[in-house]
Protein chains: 2
Amino acid sequence: MPEAKTATANAVPAAQAKQSAQQRKPVITVIGGGSGRFTLLEGLKLLPVQINAIVTMTDSGGSSGRLRTELGVLPPGDVRQCLVALSNSPKLMLDLFNYRFENGSSLSGHNFGNLFLTALEKTTGSFEKAIDEAGRMLDIAGNVIPVTLDKSELCAELADGSIIKGEANIDVPKGKRSKIKRVFLLPDAKATQKALDAIASSDLIVIGPGDLYTSIIPNLLVAGTGKAICASKAKKVFVLPIATKHGETDGFAAKDFVLEIEKYAGCKMDVVVANSTAFSVGMKEKYATEGAAQVLASPGEFSGYAFVGADLLSGSGKLARHDANKIAAVVLNLVGSK
Amino acid sequence: MPEAKTATANAVPAAQAKQSAQQRKPVITVIGGGSGRFTLLEGLKLLPVQINAIVTMTDSGGSSGRLRTELGVLPPGDVRQCLVALSNSPKLMLDLFNYRFENGSSLSGHNFGNLFLTALEKTTGSFEKAIDEAGRMLDIAGNVIPVTLDKSELCAELADGSIIKGEANIDVPKGKRSKIKRVFLLPDAKATQKALDAIASSDLIVIGPGDLYTSIIPNLLVAGTGKAICASKAKKVFVLPIATKHGETDGFAAKDFVLEIEKYAGCKMDVVVANSTAFSVGMKEKYATEGAAQVLASPGEFSGYAFVGADLLSGSGKLARHDANKIAAVVLNLVGSK
């Protein structure tokens, strides 16, 4: 019975193909920084998606900065945050990884997770291997990928022509200073193949949340990333920050953030996501004392983009923060939409 | 058929009892220190025995000493060595645990494993929990048990009446000094229940190898351990060191070591184990330049003891070290013997 045989032979691959399509989770690549990215990754971890977290290597402050300078390693702090955000390990392991040695010791201010990654980089001889090993030990859901393995400093040219060298010096302004005109890397840095592959294979590339010039754009300054983002078939999503940041984005309107990202990426975003819940008077005043203001966006400003305005704020806390479940749900919803 | 039923009912427990006896591995508790203990534990790990490693808490030198002083934790160095010796983890994990941060950094000389145990003690709030967690992560065969959780300094009274405070100061003599008359703890320390239970449940208690006054006797100074050793049904084995140690046991004959141990323990040893292979002329000269001499023992000196003289030296290396398999085989052999 050749017909029957043919039917059976066809049936199996068809079933396999269907199963394979069902099994393939949408791939989401996150390019951001700080607490906003941490929250987004924590939220996405619980959803049926494949996560890539791309991490800038220009952090020069605190424990990471000291390890860079003293031991010549790549800065581990941002990698550690992503590993913890994506980890399925028990709380004890995460407490350990986040533990910061107390003042008064020679270890003062060093974060255990940073020392862990540093010692792993030293013993494996490779920062990427160190991340892989740490990810395995922490049982992470997803991939944490350094955008580059080249050692490079983030620099900013201000409107008055002066140059600030080092991410930490740009991040925390020392007194009043002129507006940032542009940021650049010194020396140039080249993207890792893993970062380029992650971007190319994504269904969704989520840029933000994070500090514009010190967390997000340093990724776009690495040679190859902008081109890969623009060439990717992925939907390109920009998540607006909740508030401006003093010394970086003072006076920025919602559209200014998007235009700046597009300038450095080299192409247009497809979707803009914004928090739509206004600050209370108290919160507004609190942020004003820090030289910051809420970023509010209306759909009208974003014709030519898909615009998603939603309540993204966490109900608790003294700072306005993204809520993990709310922001992850918005992002997941974008995977299937046109 | 009541008889048949009775027979069956009896048969099961009998079989179980036999199986249980077969499954019960002999319990060996090791009280020692340094490279000798490390080697013995490495050797025993491969054998069908249950291992307890009891660890002194008076180490005050190097990385451990700094962590004690600066962060108020118990000294992690000896625990780390035992964990690594008993670990079944891949080499990478052990390399990581043993990794020592290089000079020129604020972390200089700190051992990653020590920082790991310190951060775990800080996050779990308990040194014993930290050891349990680290043991689980390193997949250790056996138990590593601190002899006390009390913070105490090892002190030595010399023959000239002067007092030396701190294990590191006793361990490494600063210039010529008078003979050690006695060692003591300041303040007193109390044995952990785990240490007492381990000693009580042992089939064999192996004291040594290790430095007499700085590694072994500090365990016997802890209130409760000597009494527990003497009360235990376990066979008490003393492993003689390969050589004397300058500043601690200069001029000691084999019997002097045993008598000193018995004085601090409060009872007689059952077995004395000694290396029987004489040093080469080159090795003898090498040790002489460090103020040390080989410890050689003959059965005649040890009437009233079971005496085991055997070749225990490792064939390789520039220092005379115990060979893991040779010493472990001798110890295992003592489990079954009368």
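Everything below is about the structure printed above this text.
Predicted model, so just to flag it, every value in this text is computed and none were measured. (Residues numbered from 1 in each chain as written. Chains lettered and ligands numbered in written order. Predicted model: local features only at pLDDT ≥ 70, side-chain atom pairs only at ≥ 80, totals over all residues. Heavy atoms only, no water.)

1. Considerations on the interface of chain B and chain A
Phase 1 of the analysis: At the junction of the two partners, chain B supplies 26 residues and chain A supplies 26 residues.
Phase 2 of the analysis: Interface area, chain B with chain A, both sides summed: about 2,400 Å², of which 78% is carbon and sulfur.
Phase 3 of the analysis: Linking chain B to chain A there are two salt bridges.
Phase 4 of the analysis: Of the charged contacts in the structure, one is a salt bridge between Glu102(A) and Lys122(B), with a shortest N-O distance of 3.1 Å.
Phase 5 of the analysis: Where chain B touches chain A, the interface holds two residue pairs in polar contact (both at pLDDT 80 or more).
Phase 6 of the analysis: In terms of residue count, the dominant contributor to the side of chain B that touches chain A is helix H6 (residues 112–124) of chain B (nine residues). (Contact = heavy atoms within 4.5 Å. Buried area = accessible area lost by both parts, 1.4 Å probe. Salt bridge = Lys/Arg side-chain N within 4 Å of Asp/Glu carboxyl O. Polar contact = N/O pair within 3.5 Å; in protein donor to acceptor, adjacent residues only side chain to side chain. Helix = DSSP H or I, 4+ residues; strand = E, 2+ residues; numbered from the N terminus.)

2. Some remarks on the sheet that holds strand E2 (residues 50–55) of chain A
Residue and element names in this part refer to chain A.
Phase 1 of the analysis: Read from one edge of the open sheet, seven strands run E3-E2-E1-E7-E8-E9-E10, paired in parallel fashion. Of all the strands in the sheet, just strand E3 (143–146) and strand E10 (306–310) have a single pairing partner and so form its edges. Neighbouring strand axes in the sheet, compared pairwise and without regard to direction, differ in orientation by 20° on average.
Phase 2 of the analysis: Where strand E1 (residues 27–31) lies against E2, five bridges are found, and the strand directions are parallel. Paired with Thr29 across the two strands is Asn52, which belongs to E2. (Pairing = 2+ DSSP bridges. Axes fitted to C-alpha atoms, helices over the stretch in contact; angles between N-to-C directions.)

3. Looking at empty space enclosed by the protein
Residues and elements named next belong to chain A.
Phase 1 of the analysis: Counted under the stated rule, the structure contains one cavity of 30 Å³ or more.
Phase 2 of the analysis: The volume enclosed by the largest cavity comes to roughly 40 Å³.
Phase 3 of the analysis: Lining the largest cavity we find Met57, Thr58, Thr148, Asp150, Ser152, Leu185, Ala189, Pro218 and Val222.
Phase 4 of the analysis: Partitioned by chemical class, the residues of the lining of the largest cavity number five nonpolar, three polar and one charged. (1 Å grid on protein atoms, 1.4 Å probe; cavity = no way out; pocket = protein on both sides within 12 Å on 5 of 7 lines; lining within 4 Å. Points joined across faces, edges and corners; volume = space filled by probe spheres on them. Nonpolar A, V, L, I, M, F, W, Y, C, P; charged D, E, K, R; others polar.)

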